[in-house]
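Tertiary structure, described
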Amino acid sequence: MTTTENPTAHASGNAATDKFKSERVSSDTSVERAAAIYKDVLGAFAEIIHKHQVTYDEYRVLKQWMIDVGEYGEWPLWLDVFVEHEIEEVHYNRKHFSGTKGSIEGPYYVPDSPKLPAKCTMPMREQDKAAKALIFKGQVTDLEGKGLQGATIELWHADEEGYYSQFAPGIPEWNLRGTIECDDEGNFEITTLKPAPYKIPADGPTGWFIDSYGGHPWRPAHLHLMVKAPGKRAITTQLYFQGGEWVEDDVATATKPELILDPQPNADGVDEVTYNFALDPQ
Ligand code: MBD
Ligand code: FE
């Protein structure tokens, strides 16, 4: 087995790190604000070290583990699994928003996915068609329920095996990724596959971390979405499935009751669900 044939934490971690590095992010944080945040971060460290009487061995294991996380390219994975949900909560609550709830982006978003029409089937391989089909339809509206012109939905999700295109080898570049251009009233109807519960890459330092406290590496089956319309606040969110495994115990703490789908068989026996997105003003 080689990393070119078999997805590993190392390969997917480094793919996520390379993608993130290419963004060259920045923030306009002032010196005063940086000082306040760092003082509290170090204060929290000090409190934890004293509270738990952290030993030199434990300190050295932490140092080694942090080096390993970097070498495996797993900082995007570890941070998005264990920290991003708190950032997302602060982001959502900063103003009073009442539209569809957001959730974390996670490490596997890729911008500029190919455009697809309002009624479409997601790009997938023959083997993906063996999975249970899902018809996911609805409307992108304003807070009053009026359909929005120019709305787009970027959708990305894992295949049946739990792999994301561009982060696991051997999958076509845009498999199960697309930018759906809704019709003039914001309507869409997407045929895709129902993803399976998702095990985060667990054979690297993130997995060792989880093992060390007796946790599990699972996320419930999920769809990732970014929904945009002119003049509206864009949302990044995820949708889950009613009664699905891990919905109540997501390793990434990213589920919300408002974000759960309950598809039912339609007249043709295909699972179908309607979900509308309401966008706040910008
Ligand atoms: C994922 O697919 C994901 O959504 C998150 C949050 C973390 C790791 C993998
Ligand atoms: Fe995901």
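Residues numbered from 1 in each chain as written. Chains lettered and ligands numbered in written order. Predicted model: local features only at pLDDT ≥ 70, side-chain atom pairs only at ≥ 80, totals over all residues. Heavy atoms only, no water.

Topic: the packing of aromatic side chains
- Applying the stated criterion across every chain, the model contains 20 aromatic pairs.
- For the pair Tyr-56 and Tyr-59, a centre-to-centre distance of 6.2 Å together with 85 degrees between the ring planes defines the contact as edge-to-face. On the criterion of helical spacing, the pair formed by Tyr-56 and Tyr-59 is a turn pair, its members being three residues apart in helix α3 (residues 56-71).
- By relative accessible area, Tyr-56 is classed as exposed at 59%.
- Classification of Tyr-59 as partly exposed rests on a relative accessible area of 44%.
- With centroids separated by 5.8 Å and ring planes inclined at 80 degrees, the aromatic side chains of Trp-65 and Trp-75 adopt a geometry described as edge-to-face. Of this pair, Trp-65 sits in helix α3 while Trp-75 sits in helix α4 (residues 75-82), and the two are ten residues apart along the sequence.
- When its relative accessible area of 14% is taken as the criterion, Trp-65 is described as buried.
- Positioned above the aromatic ring of Phe-97 is the side chain of Arg-233, whose terminal nitrogen or guanidinium carbon lies 3.2 Å from the ring centre. (Phe/Tyr/Trp six-rings, centres within 6.5 Å; stacked < 30°, edge-to-face > 60°. Helix = DSSP H or I, 4+ residues; strand = E, 2+ residues; numbered from the N terminus. Buried < 20%, exposed > 50% of the residue type's maximum accessible area, 1.4 Å probe, protein only. Lys NZ or Arg CZ within 6 Å of the ring centre and 35° of its normal.)

Observations concerning the site of ligand 1
- Contacts to ligand 1 come from Leu-77, Val-81, Ile-104, Gly-106, Pro-107, Tyr-108, Tyr-164, Tyr-198, Ile-200, Arg-219, His-222 and His-224.
- Within the side chain of Tyr-164, a nitrogen or oxygen atom sits 2.9 Å from an oxygen atom of ligand 1.
- In this structure, an oxygen atom belonging to ligand 1 sits 3.0 Å away from a side-chain N or O atom of His-224.
- Of the residues that constitute the shell around ligand 1, the class distribution is eight nonpolar, three polar and one charged. (Near = heavy atom within 4 Å. Polar contact = N/O pair within 3.5 Å; in protein donor to acceptor, adjacent residues only side chain to side chain. Nonpolar A, V, L, I, M, F, W, Y, C, P; charged D, E, K, R; others polar.)

What to know about the coordination of the iron ion (ligand 2)
- Protein-derived coordination of the iron ion (ligand 2) comes from Tyr-164 (OH), His-222 (NE2) and His-224 (NE2), at a distance range of 2.0 to 2.1 Å.
- The sequence pattern formed by the donor residues of the iron ion (ligand 2) is Y-x57-H-x1-H.
- Given a relative accessible area of 3%, His-222 falls into the buried group. (Donors = N, O, S within 2.8 Å, 3.2 Å for Na, K, Ca; no water.)

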